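Here is how the chains run, residue by residue.
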Amino acid sequence: MAAGAPRVFVSHLSGIPVFDPNGDQVGRVRDLVTILRVGRKPPRLLGLVVELATRRRIFLPMTRVTGIESGQVITTGVLNVRRFEQRPTERLVLGEMLDRRVHLVETGEEVTVLDVSVRQLPARRDWEIDRIFVRKGKGGTFRRKGETLTVDWSAVDGFSLEEHGQGAENLLATFEQLRPADLANVLHHLSPKRRAEVAAALDDDRLADVLEELPEDDQIEILGKLKEERAADVLEAMDPDDAADLLAELPEDDKERLLTLMQPADAADVRRLMAYEERTAGGLMTTEPIVLRPDATVADALARVRKEDLSPALAAQVYVCRPPDETPTGTYLGTVHFQRLLRDPPYTLVGSILDDDLQPLAPGATLPTVAGFFAAYDMVAAPVVDEGGALLGAVTVDDVLDHMLPEDWRETEFHLEEEGADHGAG
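Worth saying up front: this structure is predicted, and the values here are computed from it rather than measured.

Some remarks on unusual backbone geometry
Argument step 1. The linkage connecting Pro 323 with the following residue, Pro 324, adopts the cis geometry, with an omega of 5°.
Argument step 2. One can find Pro 324 in the loop between strand S15 (317-321) and strand S16 (332-337).
Argument step 3. Residue Pro 328 is reached from Thr 327 by a cis peptide bond, and omega for that bond is -5°.
Argument step 4. Here Pro 328 lies in the loop between S15 and S16.
Argument step 5. Phi angles above zero are rare outside glycine, and Arg 55 is one such case at about 75°.
Argument step 6. For Asp 378, which is not a glycine, the phi torsion comes out positive at approximately 55°.
Argument step 7. Along the chain, Asp 378 falls in the loop between helix H14 (367-377) and strand S17 (381-385).
Argument step 8. Assessed through its relative accessible area of 70%, Asp 378 is described here as exposed.

In structure tokens form, the structure reads like this:
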């Protein structure tokens, strides 16, 4: 952004790509780092938090930003790839300033911060926060009606104080298009206080999806800060195998209390999964695959596969069984793969196009056995069947990978380990 160009509001910077001088994308903007100054001087913008393709978050100083325009950031091409760690004197603009309640200096009226703008100082490489977009009225609810206005930084007071009960709606609005895994990465890098506020603002289904992508410690921390009734609702919205894994890490009293608060059918699925050893097919499986009777048609199967809340792995095939249709089912007959559904006429009965050559997994099959099955037959999901021939559930490839990767893979984010976290903000 050249000197004298219009200001940029930070909500427009969230998630935009970062390019080197050759036009190669190096990552995306996830936050901005600023430092407050004494008096009413506008904060200086130190740099950007950039998320690389590997999910590593690094610090990009503003002195290495040559342009912010047309929805992209251009850099000098010189990057320090050490992992970003926030210093005590620094503030994250998106993570800590949005939704904050401050006061107008002139009237003392409380307002909520909806957005912040930055500008480059004339004839210099320094950047600063210059204006604040606020909504009048107490509270930070994003949909609350109220007068909005843009004021100079010096016209508000309250950013230097610790915020209690800070909302999260405007922060979430900047990340609403993120996949659950990416939003989980955002939460993981927030402070515990801010993480709890953002989790509280998410609806049950969205929070359930995000929890499934978080490291175990973050899952337990967030669940522990929710009211027990809400925690039970979120566990119901999670995939049963993920809910079982999470509950298994809680103290026995807490686990039983949450299971009691869950809907009986959901709790029964989770209890059944918790009865199996963790690193077996029974412990890895989900109890909610697509199950059809043999007289169902290809059209029926495709209608079930189209449901958007299904993961790609579960949507890759349907399992044909005798009644009952809920797991554990009647006799398992075979599998119909998605590609076969696309090749046959809609009126074809799924019972006539079964793949029944592959032996299903036993619930006690060990993790190496399950992984070998997936590798040998190029599968993304596999049925788990008991000795009586009933379908118990299905194991998906993502669950296998979760248990084969190092335990801390979500926290290390596939990064090469490097000592130190100096990001040069000084």
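A look at the nonpolar core
Argument step 1. Formed by 88 residues in total, the largest nonpolar core has its most connected members in Leu 48, Ile 132, Leu 235 and Val 395.
Argument step 2. Looking at which element gives the most residues to this core, the answer is H14, with five residues.
Argument step 3. Apart from the residues lying within four places of it in its own chain, the contact partners of Leu 48 are Val 29, Asp 31, Leu 32, Ile 58, Phe 59, Leu 60, Met 62, Val 65 and Val 73.
Argument step 4. Core analysis: the second largest hydrophobic core is formed by 14 residues, Ile 290, Leu 302, Val 318 and Val 320 among them.

Some remarks on the sheet that holds strand S14 (residues 291-292)
Whenever strands of a sheet pair, they do so through backbone hydrogen bonds, lying parallel or antiparallel.
Argument step 1. If you walk across this open sheet you meet the three strands as S14-S15-S16, and the pairing is mixed. In this open sheet, the two edge strands, each paired with only one partner strand, are S14 and S16.
Argument step 2. Relative to S15, S14 runs parallel, the two being bridged by two bridges. Note on S15: the bridge partner recorded for Val 291 is Tyr 319.

A look at the pattern of salt bridges
Argument step 1. Taken as a whole and judged by the stated rule, the model has 22 salt bridges.
Argument step 2. For Arg 194, the salt bridge is made with Glu 197, and the minimal N-O distance between the two is 3.1 Å. Taken together, the residues span about one helical turn, with Arg 194 and Glu 197 both in helix H4 (residues 192-201) at a distance of three residues.
Argument step 3. Judged by relative accessible area, Arg 194 falls into the buried class, the value being 2%.
Argument step 4. Note on Glu 197: relative accessible area 13%, which makes it buried.
Argument step 5. Here Glu 256 ties to Arg 271 by a salt bridge, and the two come within 3.2 Å at their closest N and O atoms. You can see Glu 256 sitting in helix H9 (residues 252-261) and its partner Arg 271 sitting in helix H10 (residues 264-274), a full 15 residues away along the chain.
Argument step 6. Here Glu 256 falls in the partly exposed class, since its relative accessible area comes to 30%.
Argument step 7. Each of Asp 99, Lys 193, Arg 194 and Glu 197 takes part in one network of salt bridges that share partners.

The rules we used
- Residues numbered from 1 in each chain as written.
- Predicted model: local features only at pLDDT ≥ 70, side-chain atom pairs only at ≥ 80, totals over all residues.
- Heavy atoms only, no water.
- Helix = DSSP H or I, 4+ residues; strand = E, 2+ residues; numbered from the N terminus.
- Buried < 20%, exposed > 50% of the residue type's maximum accessible area, 1.4 Å probe, protein only.
- Core = buried A, V, L, I, M, F, W, Y, C linked by side-chain atoms within 4.5 Å.
- Contact = heavy atoms within 4.5 Å.
- Pairing = 2+ DSSP bridges.
- Salt bridge = Lys/Arg side-chain N within 4 Å of Asp/Glu carboxyl O.

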